[in-house]
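One letter stands for each residue in the lines below.
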Amino acid sequence: MMNSWLDIPNDTDFTMHNFPFGIGEIDGNRHVVSRLGNYVINLSALYDLEVFNGITVEKSTLSSAFLNSFIEQGKSITVPVRERLIEFFGSSPKPDSTDFLIPEDQVHMKLPIKVTDYTDFYSSREHATNVGTMFRDPNNALLPNWLHMPVGYHGRASSIVVSGTDIRRPKGQQKPVENSPLFGSSKLLDFELEMGFVVGKSTDLGDSVSTSEAEDHIFGLALFNDWSARDIQSWEYVPLGPFLGKNFASTLSPWIVTLEALEPFRIESPEQDPEVLDYLKYDGKKNYDIDLFVDIITPEHHEVNTVCSSNFQYMYWNMCQQLAHQTVNGCNITVGDLYASGTISGKEPSSYGSMLELSWRGSKPLKMKDGSQRKFIKDGDVVRLRGRCQKGDVSLGFGICEGKVLPAK
Ligand code: MN
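Being a predicted model, the structure only gives us computed values, none of them experimental.

### What to know about the pattern of salt bridges
Thought 1: Applying the stated criterion across every chain yields a total of 19 salt bridges.
Thought 2: Bridged by salt links that share partners, the residues Asp190, Glu192, Asp226, Arg230 and Lys246 form one connected network.

This is how it looks when you write it as structure tokens:
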């Protein structure tokens with residue numbers, strides 16, 4: 001691992017290998033920022049120091065309210081910007097002034113992208129099997145289409161919020177006990193441990209993206225919590241799928257980790273049987289070895305309970321297949337689109353990525369350190385997602401993706 005003239009804590013997510021991108025509010029203005037150790041890096045201030053000379057990026061692009069205009073420059077710009085940061089903090093001498101570095105606790109991180117469209121997939125075989133077993137038939141847990149396509153639905157972009165935003169418990173209709181439906185605040189509020197990828201290159205309506213072209217269109221990844229009200233969801237979802245049980249809020253982490261930073265962590269995907277159709281076939285390693293964790297921080301003494309340890313490599317359908325499927329009918333994609341993986345569960349019960357699965361629909365409550373129990377998420381709980389990669393001495397992390405649940409209005 002490269003050294004830097006900046007002091008970097010050993011256990012940081014923001015190593016010399018990472019250099020993710022985000023939007024930070026500095027002195028009341030939003031800027032494109034990166035991060036190293038405990039410091040946020042103001043890229044527009046580095047621009048003034050001529051660090052990006054020779055890269056055709058405008059200063060105004062680095063002072064935008066969202067990353068979209070930066071990402072839209074394409075990888076021929078964004079990749080050299082990240083490489084220049086590695087060089088500047090690594091092999092270059094320490095500059096006289098370091099005004100471009102701001103302690104991370106002094107920067108308010110904003111939603112990194114203006115989310116243009118949002119799709120949520122359902123691509124973990126273990127998750128789909130668990131849900132199918134609980135709600136339908138243990139002997140036919142997967143519906144007939146599941147092994148042939150990355151199933152997904154179009155979600156709501158307007159209610160995607162950045163980590164740190166409080167989440168209001170939703171109200172809605174719930175399944176009738178007798179004749180008429182119940183109405184009230186959700187009693188079965190849940191998280192879904194997911195990762196999302198951000199599109200960095202648009203297509204025209206009518207065009208398709210092949211699995212081999214897909215990575216050109218993916219800028220990077222972040223952590224994503226698809227908050228879900230199971231009681232609202234289970235009453236509404238037939239026949240058209242998730243709606244008000246999902247769109248009250250979803251939480252995105254503030255740092256987008258680039259595909260280039262994730263390169264060392266590529267790994268083989270699970271074997272797909274039956275064989276997939278031609279447009280879903282792919283070559284090479286398309287999954288990523290990313291350790292994922294979910295913590296529930298209980299309100300009283302703020303104890304951290306790690307309730308799930310999973311890994312992004314468990315995904316049955318990879319991102320390239322998801323993007324190929326999304327566009328196979330000619331559906332266009334746009335810079336700023338967000339594609340979420342679906343809940344990431346592994347084989348072990350401790351790797352299940354939702355309370356629905358962890359508590360097996362409430363039949364196996366989880367014990368918290370403060371002595372309380374959880375079947376689902378209670379008011380005052382903070383749900384925190386974390387993600388980390390390590391290979392030899394190369395490591396990085398995704399920061400945190402968290403939200404505190406407030407009582408219904
Ligand atoms: Mn989901």
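### Quick notes on the state of the cysteines
Thought 1: Summed over the entire model, instances satisfying the criterion amount to zero disulfides.
Thought 2: Take Cys308: it sits in no disulfide, and the sulfur closest to it among the cysteines is that of Cys401, at 13 Å.

### A few points about the packing of aromatic side chains
Thought 1: One pass over the full model with this rule turns up 15 aromatic pairs.
Thought 2: Where Tyr316 meets Trp317, the ring centres are 5.5 Å apart and the plane angle is 75°; that geometry is what we call edge-to-face.
Thought 3: Classification of Tyr316 by relative accessible area gives buried; the value is 3%.
Thought 4: Here the aromatic cluster, defined as three or more aromatic residues joined through ring pairs, consists of Trp5, Phe19, Phe88, Phe89 and Phe100.
Thought 5: Seen from the ring of Phe66, Arg30 lies directly overhead, with NZ or CZ sitting 6.0 Å from the centre.

### Description of helix H4 (residues 125–135)
Thought 1: By the burial criterion, the buried members of H4 are Glu126, His127, Ala128, Asn130, Val131, Gly132 and Met134.
Thought 2: Buried residues belonging to H4 abut helix H8 (355–358).

### Remarks on the nonpolar core
Most often, soluble globular proteins have nonpolar side chains that are buried together.
Thought 1: Grouped together as the largest cluster of nonpolar side chains are 52 residues, with contacts concentrated most on Leu221, Leu262, Ile290, Phe312 and Phe398.
Thought 2: Among the nonpolar cores identified, the runner-up in size contains 43 residues, and Phe19, Ile86, Ile160 and Leu338 belong to it.

### Focus on the coordination of the manganese ion
Thought 1: In this structure, Asp120 (OD), Glu192 (OE), Glu194 (OE) and Asp226 (OD) serve as the protein donors to the manganese ion, at separations of 2.1 to 2.3 Å.
Thought 2: One chain supplies every donor for the manganese ion, spaced along it as D-x71-E-x1-E-x31-D. With a gap of 72 residues between them, Asp120 in strand S6 (residues 118–121) and Glu192 in the loop between strand S12 (189–190) and strand S13 (193–199) connect regions that are remote in the sequence. Glu192 carries the same exposure label as Asp120, and that label is buried.

### With respect to the side chain of Thr251
Thought 1: Note that Thr251 resides in strand S16 (residues 250–252).
Thought 2: Within the local environment of Thr251, its side chain forms a polar contact with the side chain of Trp227, the two groups lying 2.7 Å apart.
Thought 3: Once residues within four sequence positions are removed from consideration, Thr251 is found in contact with Val161, Val162, Ser163, Ile167, Leu223, Phe224, Asn225, Trp227, Cys401 and Glu402.

### Topic: the pairing of strand S26 (residues 394–406)
Thought 1: In terms of strand pairing, strand S9 (residues 167–168) meets S26 through two bridges, oriented parallel. Each residue of the ladder has a partner; that of Ile167, found in S26, is Val405.
Thought 2: Where strand S25 (residues 382–391) and S26 come together, nine bridges link them in antiparallel fashion. Its bridge partner lying in S26, Cys389 is registered against Leu396.

What counts, and at which threshold
- Every residue gets a number counted from 1 within its own chain, in the order that chain's sequence is written.
- Local features in a predicted model are, by the rule used here, given only for residues with pLDDT of at least 70; side-chain atom pairs are given and counted only at 80 or more, and totals for whole chains, interfaces and linings are based on all residues.
- The basis for every side-chain value is the complete set of heavy atoms in the structure, and neither hydrogens nor water enter the calculation.
- When a carboxyl oxygen of Asp or Glu lies within 4 Å of a side-chain nitrogen of Lys or Arg, that pair is called a salt bridge.
- We call a pair of cysteine sulfur atoms a disulfide when they lie within 2.5 Å.
- What counts as a ring pair is set by centres within 6.5 Å for rings of Phe, Tyr and Trp (its six-membered ring), and what kind of pair is set by the plane angle: stacked under 30 degrees, edge-to-face over 60, tilted for all other angles.
- In this scheme, a residue with accessible area under 20% of its type's maximum is buried, one over 50% is exposed, and one in between is partly exposed, where area comes from a 1.4 Å probe on protein chains only.
- Any Lys NZ or Arg CZ found within 6 Å of a ring centre and within 35 degrees of that ring's normal is scored as a charge over the ring.
- A run of H or I in DSSP counts as a helix once it spans at least four residues, and a run of E counts as a strand once it spans at least two, with each numbered from the N terminus.
- Between two residues, a contact is recorded if the distance between any of their heavy atoms is within 4.5 Å.
- By convention a nonpolar core is built from buried Ala, Val, Leu, Ile, Met, Phe, Trp, Tyr and Cys residues, the set being connected through side-chain atoms within 4.5 Å.
- Sites may look incomplete because water is not among the atoms; the donors themselves are N, O and S atoms within 2.8 Å of the metal, or within 3.2 Å for Na, K and Ca.
- Within 3.5 Å is the distance limit for a polar contact, defined as a pair of N or O atoms, with the added protein rule that one can donate a hydrogen and the other accept it, and that residues adjacent in sequence qualify only through two side-chain atoms.
- What makes two strands pair is DSSP finding at least two bridges between them.

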